[in-house]
Every structure is written in C-alpha cells, then in structure tokens.
Amino acid sequence: MFGISFLSPLFLVGAAAAAVPILLHLFHRRTEVVIDFPAVSLLKRAPVQHHRRRRLRELLLLALRVVALILLALSFARPYFAGAAAPDSAPLTVIAIDTSMSMTAPGQFDRARDAASRAAASAPAAHALAVIGFSDAASVLVQPTTDRSAIAAALDQVAAGNGGTRFRTALARASEIIGAREGRVVVITDLQQAGWEANDEGGVPDGVDLEVISLAPPPGNLAVTSAEKRDRRIVASIQNYSNSEVRVPVRIIAGGKEIARTDVTIGANGAADVDIAAALPASGDAEVRVDDAAGYQADNARTVRLEAVAAIPIAVVVADPTGAVGGLYVERALTVAGAGREFDVDVRDGRDVAAGGEDVSRTAAMFVLGTRTLDRGGRELINRYLAGGGQVLLALGPDVDPGTLPDVLGVQLSFDESPVRTPGATMIANDGRHPIFRPFLNPSGALGDVQVEQHRRLNDHADRTVLARFSGGDAALTEQTVGQGRLVVFTSDLDNQWSRFPLNPAFVPFTVETARYLTRNISLARRSPEGAKAAESNPAATTVEEFTNAIDRTNRAALREAGSTARDLEDRQRWWQIGLLVMLAALAGEALLGRRAT
Amino acid sequence: MARPARYLDPAVIARLGTIDLKARTIVEGFLTGLHRSPYKGFSVEFAEYRQYLPGDDLANLDWKVFARSDKHFIKKYEEETNLTCHLLLDVSRSMGYGSGEITKLQYGSYLTGALAYLMHRQRDSFGLIEFDDRIAALLPASARAGHLRAVLLALERIKMGTRTNVAKPLRDLAAAVRKRGMVVLVSDLLDDPAAVLEGLKHFRIRGTDVIVFHILDPYELQFPFEQAARFRDMETDEEVAAVPGTIRADYIEKIQGLIAFYRHELGVAGIDYCLLETSQPLELGLMAYLMTRRKVL
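What counts and what doesn't
Residues numbered from 1 in each chain as written. Chains lettered and ligands numbered in written order. Predicted model: local features only at pLDDT ≥ 70, side-chain atom pairs only at ≥ 80, totals over all residues. Helix = DSSP H or I, 4+ residues; strand = E, 2+ residues; numbered from the N terminus. Buried ≥ 20, exposed ≤ 12 C-beta atoms within 10 Å, placed from the backbone. Contact = placed C-beta atoms within 7 Å. Pairing = 2+ DSSP bridges. Axes fitted to C-alpha atoms, helices over the stretch in contact; angles between N-to-C directions. Core = buried A, V, L, I, M, F, W, Y, C linked by C-beta atoms within 7 Å. Parallel < 35°, antiparallel > 145°, perpendicular 65-115°, else oblique. Nonpolar A, V, L, I, M, F, W, Y, C, P; charged D, E, K, R; others polar. Arc of directions from axis to C-beta. Right-handed = clockwise from strand over helix to strand, strands pointing away. pLDDT = per-residue confidence, 0-100.

**Remarks on the overall build of chain B**
Counting its secondary structure elements, chain B contains 10 helices and 10 strands. In chain B, which comprises 297 residues, the proportion classed as buried is 41%. Look at the contacts in chain B between residues 6 or more apart in sequence, and 75% of them connect residues 24 or more apart.

Quick look at the structure:
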C-alpha cells in the first residue's frame, strides 16, 4: 500500500527524545520562580500575563519542541514515500522482458507480453514484483511493488524496439534490484544467440532462482543489413537467415512511392548485394525494403540519405612546426569515423593558423593540442572563433603555453602550470550518460583502462562542469561556455606525451564522440538514420539449458547493497531536507515564543 | 595615598557589631566629615563657654551660669536642648525586603540608631516607636543618660511585624504628643498614600515638625527583574504572575508617581521628605535631619 518508509529506521528511536520536554513539562511545571516583593500592589494594575494565556503559550512551546525533536529523528531516518514499493526485505520476482529488435516478429511480442502476465500472476503471493525491459540496455519499467495492476499496466505499454540483445546487462540489472533479499528472475526472451556480448558483465546472485520462458524465433528472417547511395544507384545487402533459398523482391521507395524494384535470389543462410539503378531524388531519403512477413519486421527496411554529405571540417591546432607527430593520433582517430567520410581533419601548426584565416573560422570544431607556436594573429583568431560560437577542445598538454592561454581563449582557466604526476591515474566519467561517454556504458570498465601519467590540475569553477575526473579526484574533462562558444578541456595531452591514452582502445571512441559532441548540431542533420543491428537479424537461438549454463553466478556480497532502489527513491524525494527545514522553523518559532515568555 | 571614602557604605555598617557601634560609627564619621565641610555652622556637637566681653550679644549670655556663679558667660554654638524627637520606625513585613546585603528594616534601624545617637550627643530628648499596623514597641522620649542604650537595645531586638498601617499609629501618637517637638518617620510608605498623608498632617496641625525618611530598595525603584516569575506580596501573600520586561515601564512610572506624590503633598503640608535608597550612605539621612532640626530651632 502507499505509505512512508525509512532508509535508516533505527534513527526513529531518537524520536523518544521527544519525551524529554514532555516529562520536563509535566514534572517541572510548578518550578517557576516565586519572588517576594513588597510593591506587588503596584504590579496589579500593570498588564500582567494571564494564567490561561501563559498556559497556552507553554503548551505551544512544548509542541514546537516535541515537533522539532521528532522531525530531527525523522530526517535522520531518511523517510521516503515508497508508493506501493515493497519493503526491502520482501521477496522479489523480477520479470525481464526482451524488447530487442528480434522480438518484432509478427505476434512475437504479444506472446512475450502474455508470458510476462502469466509469470506475474503465478508469482508467489508473498513476492513483490518488478519488471525490466532489456535490449542493448536494461531499464526498470516497474520498481519492486506489490501492486499487480501496475505490472499489468506497464506490460501493456512496453513494446519491442530496434536495439540489440544483451542478456548479461539484463541479468545485472535484475540482480541489482534484488540485492540481498530472496529473489527470482523470470527472463522472457527468444534466446537469440547474438545476445551474449563478450565484453558484457553480469550474472545472477547465488540463491536467486532463474526461470527462462523461451519464445520460439521465426524459422527464417530476411534483413536489409546495409544500404548506400552510389551515384544514381542504391547498393544494398540482403541477408537470408533461413535454411532454404528464397527469392525476394527488393524495392526502393522515395517520397512514399516505389521508384525501383528488383528481385534477388539468396541462398540458404546467405547474403546478396543488389545494385539498383533508380531515378533518385536529389534530396531526402530513400528506403530499401524487402518483403518478409514472417521474419523480424524492423530489419526489413533501411534508410539511405540521398543528398551528398560533405565531411565536417575539424581543425587540429598543434605546436609542431615539423608537422611530423603533432595531432597525429587525433587525426587518425577522427578519420575512422564514418569510414573516413564523417570528418575532414585539417592539422595546422600554430604559425599557420592566422594564415588559414577564413578556413579556420569556418571549421565546425577545433582541437587545440598546442599553443606554443601560435602568433598573435593565431591567438586572436581562435579567441574570436570561440567567442563567436565556435566549439573548441583544448588539451592542456605540454605544448600548451599557460602564459598566453588567456589570449587564446579569452578566459582565465585557473590551473596549476606545473603538471601533476599521477602515474596510473585512471579516468572516471561523472555521468556515463553524457554523449561523450555513452559508448563506454557497456562495457563500463573500458574508460577505466585509460591511464594518464601527468596532467594539469584545473581548479573547479562554478561556471565549469566537470564531465570526468581522474582517480585522484582532479578534473579530467570539463565543459564551459565562453562567449557564445563551447570549450571542452582535457587536462592531459592527446599526443602520447603525458599519457598512453592515444594507444588505448578507448581513445578512438573518445575522440570521435567528443568531435561528434562538439559538432552535434551539424552531425545529426547529416547522419543517415541508424537501422537495426545486423547481428540482431539472425534468429539463431540457444536452448534454455545453454542459456542457463552461460549465466555467471555472482557472490551476493559483491552486489550493490540491498535497498538501492529505496535509496534511489529517497534520494529523489529528499524528504529529510524538508524535515530539517521544518525543524529549523519550529526551533525558530520556539526561540521567538520562548523569548517572549521569559 | 588613597583618599578615605567620605561616606560609609550601609553594607559595611551592617557588618559592624552592635547597633551601638554602628550608630556611633555613622555619627562620628558624619560629624568628622561635617567639620571639614561647608556645613560647619550646622554642627551643635559641643557647647563652648567663654567670658563675656563687651560687644557680645547679650542674647547669648548664659543666665543660668550667671545665676549659679554670678559670672557672665557667653554660650557658643550651644543649641536648645528642649527638643523632643519621636523616632517612628516601620517594622512591617514589607520592610524586610532587601535585594542587596541589607534589608530596608536594617537600613531604617541603622538610621534610627544613628539619629538617636546624634540626638543624645545634642542632649535632645528622644523616644522610639516601632509600628506595623499598630504600635509594636514604644520607648517614651527622654534625655536621660541611659536612654540611648535602651533605644539602641530596642533597635537591636527589633521584631518584624505584619502589615503596614502608618495612618493608625500616627493618629495614636499625634494624640499623645502634647509638647512641640519633632517626629521622624522611617518607613517604606507602602500604604494608602492618602491615609499616610492624613496621619502626618495631624502632627503639623499640632505644630509638630515632621521629617519623613522614605526607605526603598533599589530593586523597588528599578524593577530590574528579567525572568518571568510570580511576584508574591510580602505582607498579603498575594501572587501576581508577570513578565518583567512587559510591565517594567508601567511599574517604574507608578513608583515614581508615588514618590512624586509624597514629595509634593508632604512639601505642601510643610513636612520634610527624604527619599533614601538602601544603597545610599546613611549620612544623607543625618544631614536631612539636621537641616530640619535647624528649622525647628
């Protein structure tokens, strides 16, 4: 039922202290001071305090004191409204429902929904229920609750999407919810083989029962796994995931009309490329579609952006007159993106920046890796670029001259000029959901493999957001606005001098995602819509036994401690702050009233 | 070298042994100080005789000495000794109040003792009446040698009375006093002001001079209490709960009004009024007495 719960209920014992003022009131009420005075007759006509009014005031004072003490105890007990949230100790059944693309086969998700409803209905009466939906990531659809109608409502809303399948991610999330209590996990899935990502982590805690409800995948599936425009033609790959040869029409649809069509024969479990000439419009999208009524529906089509897309210009400013090594790693990393077509990287020594003039000014983003060779014109140009709305990533490496940096940026960054030696310092994202760090969500440890030997200590500033920190606590990556522009600062270097970060696998996604983040207004408009993942189109499935054997059993002690859900709730609601505020108000009132009474 | 204090603190006097010693200390100290002061002419401490010289005022001739010795002597600084003084000391329970080291009653008894001692030195005749709502003790006026000791002993053994009723003893005493003299009233006057005034006027009607020593404690004048309390009347036990901060101004206004009433009305009636705080030196009372006595004589 809806009610109030406490994270630290033991603190409620402190509410017993409220008895102290009550007892004092009861036992010391007669101890008021009596003063013998000769001129009492002169006091009579003075406005003396009436007994009843005084008594009322005393009772009010008592009430305020008791309220203050109770609120203090309540605040320390960390209250939260759990709604129908089950108590942390209640046994829990977690229903994990697969929402990946492979569940888009006709009728497949309805079956999954029915299975989930049955699982909810058959759960032990003493069990609370929670529902998570999983594909590439797992999200909690219903927090642990005893309200079965909430489960039914959530299951009505859930639908399959375009994501891949990641079983371990789902199991890790389920384990996190169960925590240390008695639990049971019901996984409703098509047991797709592609769901076992090698780098994923997660299992089921010891003692937690696991039930797998398997939904048979379709016998075959046709998928458009890639499509691109080449001159006036569309080239697409069609994959046949069935044990029999199929002949299938491939259609090109633009502006809602079919503009080209061809039939293709694909062998069993084979693929075929189709090259279709068509009168393609100059702009807009074209869709490559195959008819596959029995297979997964979300991979039957793929969208191609028709207009020519120019690479996004990015300038990399280095302090390397030889042009041999400066910016090499950043340049190579950026050329990986979009098969080399996403970014047009221009690496310039500082002396050539001013000469670049308009080219530099038109760049979508600028990576500043060195400033020592920047002349006055170059410094002013970057300054104007940033203040006018430019996007700059600054790496505070050894090639950055702290003395002239304010001229370059137009702001004082406030950092220690001498680098800090922190051998083996790793990088930790403050918020893994930030666009730069999204690729590092799974596996979560990838960013932690980055080791930095030296960095500059950048002081925290109110207008600066710290996106990531080194393991010692110093800022690693920050973001701030400068004028109309945005400045992202990496406090070490990106040229393999102070760290071996450029040699780490995380470097390329970090650099590319940073560039995409800085140029996201342009990137989003140019990028083709992402289709379904090719691997997800393969309906090959494991057996329940194989699935169960593949699951790691984890030690409960290693799990996130119990009550994390409750803690999340409490953390969001923060009733303790309100309690303390009201307590302070009560104390202030008590002080005022008490002052008048004395 | 530190200058000695001109006046003795009543709290210091209180620590001296008997009331005899207290009275003597107060008076001797007072007179010693007075000799150095501009008020020297008031002193009637000793009588000095010298032979008559031509040019002396014949009014100053001591005819009694002439009658006994047939010689002419001029009396110098000698005052009349036929002054009869009645010392009225209020011993009601309200006089037992004291915020400091001494109570109003102690202060009043020291003052009365000192006055008695002074009168004795001046060969005046004096008596003592202790009263609350009635006359509690009475020593008739006398100038005999042992009378001072009797008065001081009575002051030493003073007993706290009950309620104040100044008017009644005054009326009784006014009826009893037949000879022109002087009445000294030592009281906190916490009674019906009109009744007090009425009682004192009886003396004036009979030609008796009156000096009123209004004794109050500093706390009665300032009401410096801070904490809310129940104030219990020392005579009636009536209690009033009050928050001092809220009634202080009103109370002070009332007590000052009472003082102003006495000062004005007594002045109009030809009665000397002297307000004394128990923290003030007793010599101020003696000074007021001498001023009044000078007028009488």
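**Considering the overall build of chain A**
A count of helical and extended segments in chain A gives 16 helices and 26 strands. Burial statistics for chain A: of 598 residues in total, 41% are counted as buried. Nonlocal contacts in chain A, meaning residues at least 24 apart in sequence, comprise 78% of its contacts between residues at least 6 apart.

**Here we look at the sheet that holds strand S23 (residues 465-470) of chain A**
All names here are of chain A. Across the sheet, 9 strands lie side by side as S18-S17-S19-S20-S25-S24-S23-S21-S22; this open sheet has mixed pairing. A strand with exactly one partner marks an edge of an open sheet, and here the two such strands are strand S18 (343-349) and strand S22 (451-455). Within this sheet the neighbouring strands show an average axis-to-axis angle of 25°, counted without direction. With 5 bridges joining them, strand S20 (residues 391-395) and strand S25 (residues 485-490) adopt parallel strand pairing. Along S25, the bridge assignment pairs Leu 394 with Val 489.

**Details of the nonpolar core**
In terms of nonpolar packing, the biggest core is built from 76 residues, with Leu 87, Leu 115, Val 184, Val 212 and Phe 213 of chain B touching the most fellow members. Considering each element in turn, this core owes the most residues, 10 residues, to helix H4 (residues 104-121) of chain B. If near-sequence neighbours (up to four positions away) are discounted, Phe 213 of chain B is found in contact with Leu 111, Val 184, Leu 185, Val 186, Cys 274, Leu 276 and Gly 285 of chain B. In this structure, Val 360, Phe 440, Phe 490 and Ala 515 of chain A belong to the second largest nonpolar core, which totals 68 residues.

**Focus: the packing of helix H7 (residues 328-336) of chain A against helix H12 (residues 507-518) of chain A**
All names here are of chain A. Two elements in contact, H7 and H12, have axes separated by 8 Å at closest approach and are oriented at 75°. With respect to their mutual orientation, H7 and H12 come out roughly perpendicular. Taken together, the residues of H12 that come into contact with H7 (itself represented by Tyr 329, Val 330, Ala 333, Leu 334 and Val 336) are Phe 507, Val 508, Thr 511, Val 512 and Ala 515. Taken together, the residues that form the contact of H7 with H12 break down as 9 nonpolar, 1 polar and no charged.

**Considering H7 of chain A**
Residue and element names in this part refer to chain A. The set of residues buried in H7 consists of Tyr 329, Val 330, Ala 333 and Leu 334. Axial view of H7: buried residues confined to an arc of 125°, hence all on one face. Residues of H7 that are buried make contact with strand S17 (312-318), S18, strand S19 (365-368) and H12. A positive phi of about 60° marks Gly 338, the residue just after H7.

**Quick notes on the sheet that holds strand S5 (residues 135-142) of chain B**
Residue and element names in this part refer to chain B. With respect to topology, 6 strands assemble into an open sheet ordered S5-S4-S3-S6-S7-S10, the strand pairing being mixed. At either margin of the open sheet sits one strand with a lone partner, and together these are S5 and strand S10 (272-277). The average undirected angle you get between the axes of adjacent strands in this sheet is 15°. Running over the sheet, helix H5 (residues 147-156) touches strand S4 (125-131) and S5 and is turned about 165° from S5.

**What about the environment of Ser 94 of chain B?**
Locating Ser 94 of chain B in the fold gives a position in the loop between strand S3 (84-90) and H4. Counting along the chain gives 10 residues from Ser 94 of chain B to Lys 104 of chain B, while the straight-line C-alpha distance between them is 8.3 Å.

**Observations regarding the pairing of strand S9 (residues 239-242) of chain B**
Pairing between strand S8 (residues 229-233) of chain B and S9 of chain B: 4 bridges, direction antiparallel. When the sheet's bridge partners are listed, Phe 231 of chain B is paired in S9 of chain B with Val 240 of chain B.

**Re the pairing of S3 of chain B**
Residues and elements named next belong to chain B. Among the 7 residues that make up S3, 7 are buried, leaving the element largely enclosed by the rest of the structure. Burial along S3 is two-sided: the face carrying Thr 84, His 86, Leu 88 and Asp 90 and the face carrying Cys 85, Leu 87 and Leu 89 are both buried. Of the strand pairs in this sheet, S3 and S4 are connected by 7 bridges, and their pairing is parallel. Paired with His 86 across the bridge in S4 is Gly 127. What joins S3 to S4 is H4, and the crossover it makes is right-handed.

**Regarding unusual backbone geometry**
Residue and element names in this part refer to chain A. Although it is not a glycine, Leu 191 adopts a positive phi angle of roughly 55°. Look at Leu 191 and you get buried, because 23 C-beta atoms sit within 10 Å. Phi is positive for Ser 414, which is not a glycine, with a value near 65°. When you line up the elements, Ser 414 lands in the loop between helix H11 (405-409) and strand S21 (420-429). Here Ser 414 falls in the exposed class, since 12 other C-beta atoms lie within 10 Å of it.

**Description of the confidence of the model for chain A**
Scored by pLDDT, chain A has a mean of 82; 88% of the residues are at 70 or more. Across chain A, S20 of chain A holds the top mean pLDDT of 93, while helix H13 (residues 520-526) of chain A sits lowest at 65.

**So, helix H5 (residues 148-157) of chain A**
All names here are of chain A. Inspection of H5 places Ile 151, Ala 154 and Leu 155 among the buried residues, and these make up the whole buried set. Along the axis of H5, the buried positions cluster into a sector of 100°, meaning they face one direction only. Counted as exposed and oriented over 90 degrees from the buried face of H5: Ser 149, Ala 153, Asp 156 and Gln 157. Where H5 is buried, its residues meet helix H4 (108-122), strand S5 (128-134) and strand S6 (138-145).

**What to know about the confidence of the model for chain B**
Atomic detail in the predicted coordinates should be set aside for any region of low pLDDT. Residues and elements named next belong to chain B. The share of residues in chain B with pLDDT of 70 or more is 78%, and the mean pLDDT across the chain is 78. The secondary-structure element of chain B with the lowest mean pLDDT is helix H2 (residues 19-35), recorded at 62, while helix H8 (residues 218-222) shows the highest, at 92. Segment residues 1-6: pLDDT under 50, and 1 contact once partners within four positions in sequence are set aside and those in other chains are kept. Ignoring residues within four places in sequence, the model shows residues 35-47, a span with pLDDT below 50, making 17 contacts including any to other chains. On the interface metric, ipTM, the complex scores 0.75, and its pTM is 0.42.

**Some points on the environment of Gln 412 of chain A**
Structurally, Gln 412 of chain A can be placed in the loop between H11 and S21. With 10 residues separating them in the primary sequence, Gln 412 of chain A and Pro 402 of chain A have C-alpha atoms 9.8 Å apart.

**Some words on the packing of H4 of chain A against H5 of chain A**
Residues and elements named next belong to chain A. Two numbers describe how H4 lies on H5: the axes approach to 10 Å, and their chain directions differ by 175°. Classified by the interaxial angle, the pair formed by H4 and H5 is roughly antiparallel. For the pair H4 and H5, contact is made by Arg 113, Ala 116, Ser 117 and Ala 120 and by Arg 148, Ile 151, Ala 152 and Leu 155, respectively.

**A word on the environment of Arg 379 of chain A**
Residue and element names in this part refer to chain A. Structurally, Arg 379 is set in helix H10 (residues 376-387). Taking the C-beta count within 10 Å as the criterion, Arg 379 has 22 such neighbours and is therefore assigned buried. For the pair Arg 379 and Val 353, spaced 26 residues apart in sequence, the C-alpha to C-alpha distance is 8.4 Å. In contact with Arg 379, other than residues within four places in its own chain, are Leu 374, Thr 404, Asp 407 and Val 408.

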